[in-house]
Amino acid sequence: MLIDWDPRYLYRQLFDDETAMGRFLHEVVSPEWNLRQDEGRPWTDAIGSLATDYPDQRDLIVAFRDRWVEMLGGPIDGTTAVLEELRLAGVRTYALSNWSAETFPLARPMFPFLEWFDGIVLSGEVGIAKPDPRIFQILFERFELEPSATLFIDDSLANVEAAAELGMVAVRFVDADTLRGNLVDLGLLEAQV
C-alpha cells in the first residue's frame, strides 16, 4: 500500500522470456516460499534449500536476496500523502507488515516515511504473518490498542477479514483516493474542498 514491491522489476533484467520468468516466480521463488522469510526464516536457509532443489537456477535464486532492493519500485502514488495527512492531523499510526526482518532494514533508509509510524510490528521479527490472528494480538498488546477503536487498512482481503473478525474497523485498500474517502467517512480526515 505504501511501497511498490514486485520481483518482476528485478527478474525482467535476468530473463529474456516473460513466460519463463513468470514460471520461475510462480514455481521456484514462489509467494509461498517468500512468505516463509516474512515469517522469520533466515535468508541463508531459504536460499540454500531452494538452490539445492534447483541447482541449475542457483544464480537466479541467490539474486532474489542479493538484489532484493531492485524489486522496490518506489512509493505508491498518493498513499504517502494520505499517511502524512494522518500524521499532521495527530492520528496515531502503526504498521503491521508481512516483511522479512532481514530486508526491512534495507528499505527503511530508502523510504523516510517509514519513520512516521508510532510503532511497527514486522512479521519477520515476531515469526508470525498476517492473516494469523496472533500477529494482530501482538500489535494490540505491544501498543495497548483496543481493537474496536483501531482502523486496519490492507490490500489483502484475507487480512482485512481477519482484522474484522478480531473486532477492528477494517478497510480494504483499493487506491489512495478511495482510502482518503474512507478516512473522511470515518472522521479521521477533513473533506477536501
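Residues numbered from 1 in each chain as written. Predicted model: local features only at pLDDT ≥ 70, side-chain atom pairs only at ≥ 80, totals over all residues. Heavy atoms only, no water.

## So, the side chain of Lys130
(1) Moving on: Structurally, Lys130 is set in the loop between α8 (123-126) and α9 (133-143).
(2) Moving on: A polar atom in the side chain of Lys130 sits 2.8 Å from the backbone oxygen of Leu96.
(3) Moving on: Polar contacts involving the side chain of Lys130 include one to the side chain of Asp154, which spans 2.7 Å.
(4) Moving on: Each residue touching Lys130, except ones within four places of it in the same chain, is listed here: Leu96, Ser97, Asn98, Ile135, Phe136, Phe152, Asp154 and Asn159. (Helix = DSSP H or I, 4+ residues; strand = E, 2+ residues; numbered from the N terminus. Polar contact = N/O pair within 3.5 Å; in protein donor to acceptor, adjacent residues only side chain to side chain. Contact = heavy atoms within 4.5 Å.)

## Digging into the pairing of strand β6 (residues 169-172)
(1) Moving on: Of the pairings in the sheet, the one linking strand β5 (residues 151-154) to β6 comprises 4 bridges and is parallel in character. Across the sheet, the residue bridging to Ile153 is Val171, located in β6. (Pairing = 2+ DSSP bridges.)

## Some remarks on the nonpolar core
(1) Moving on: Grouped together as the largest cluster of nonpolar side chains are 33 residues, with contacts concentrated most on Ile3, Tyr11, Phe24, Val29 and Trp33.
(2) Moving on: When residues of this core are traced back to their parent elements, those giving at least two are α1 (8-11), α2 (18-27), α4 (43-53), α5 (58-66), α7 (104-107) and β4 (119-122).
(3) Moving on: If we ignore the near neighbours within four places in the chain, the residues touching Ile3 are Leu72, Gly74, Pro75, Ile76, Trp99, Phe111, Phe113 and Leu114.
(4) Moving on: In terms of nonpolar packing, the next biggest core, distinct from the first, is built from 14 residues, Leu96, Ile128, Ile135 and Ala162 among them. (Core = buried A, V, L, I, M, F, W, Y, C linked by side-chain atoms within 4.5 Å. Buried < 20%, exposed > 50% of the residue type's maximum accessible area, 1.4 Å probe, protein only.)

## Regarding the packing of α4 against α5
(1) Moving on: α5 packs onto α4 with a crossing angle of 165 degrees between their chain directions and a minimal axis gap of 9 Å. Relative to α5, α4 is oriented roughly antiparallel. Considering how the two elements wind past one another, α4 and α5 form a crossing that is right-handed. Contacts between α4 and α5 involve Trp43, Ile47, Leu50 and Ala51 from the former and Arg58, Ile61, Val62, Phe64 and Arg65 from the latter.
(2) Moving on: Split by residue class, the contact of α4 with α5 holds 7 nonpolar, no polar and 2 charged. (Axes fitted to C-alpha atoms, helices over the stretch in contact; angles between N-to-C directions. Parallel < 35°, antiparallel > 145°, perpendicular 65-115°, else oblique. Left-handed = near helix turned anticlockwise from the far one by under 90°. Nonpolar A, V, L, I, M, F, W, Y, C, P; charged D, E, K, R; others polar.)

## Some thoughts on the pattern of salt bridges
(1) Moving on: For the coordinates displayed, the defined rule picks out 8 salt bridges.
(2) Moving on: Linking Arg108 and Glu115 is a salt bridge whose minimum nitrogen-to-oxygen distance equals 2.7 Å.
(3) Moving on: For Arg108, a relative accessible area of 30% translates into the label partly exposed.
(4) Moving on: For the salt bridge of Lys130 with Asp154, the shortest nitrogen-to-oxygen distance reads 2.7 Å. Linking Lys130 in the loop between α8 and α9 with Asp154 in strand β5, this pair joins segments that are 24 residues apart in sequence. (Salt bridge = Lys/Arg side-chain N within 4 Å of Asp/Glu carboxyl O.)

## Side note on a nonpolar patch on the surface
(1) Moving on: On the surface, Val69, Leu106 and Met110 cluster together into a nonpolar patch covering about 220 Å² of accessible area.
(2) Moving on: Position of Val69 relative to the elements: it lies in the loop between α5 and β2 (72-75). (Patch = residues over 30% accessible without salt bridge, like charges linked within 9 Å, V, L, I, M, F, W, Y side chains within 5 Å. Areas by Shrake-Rupley, 256 points an atom, 1.4 Å probe, with all protein chains shown as cover.)

## Some thoughts on the packing of helix α3 (residues 31-38) against α4
(1) Moving on: For the pair α3 and α4, the least separation of the axes is 9 Å and the interaxial angle reads 155 degrees. By the angle class used here, α3 and α4 are roughly antiparallel. Crossing angle aside, the handedness with which α3 passes α4 is right-handed. Seen from α3, the contacting residues are Trp33, Asn34 and Gln37; seen from α4, they are Trp43, Ala46, Ile47 and Leu50.
(2) Moving on: Residue classes in the contact of α3 with α4 are distributed as 5 nonpolar, 2 polar and no charged.

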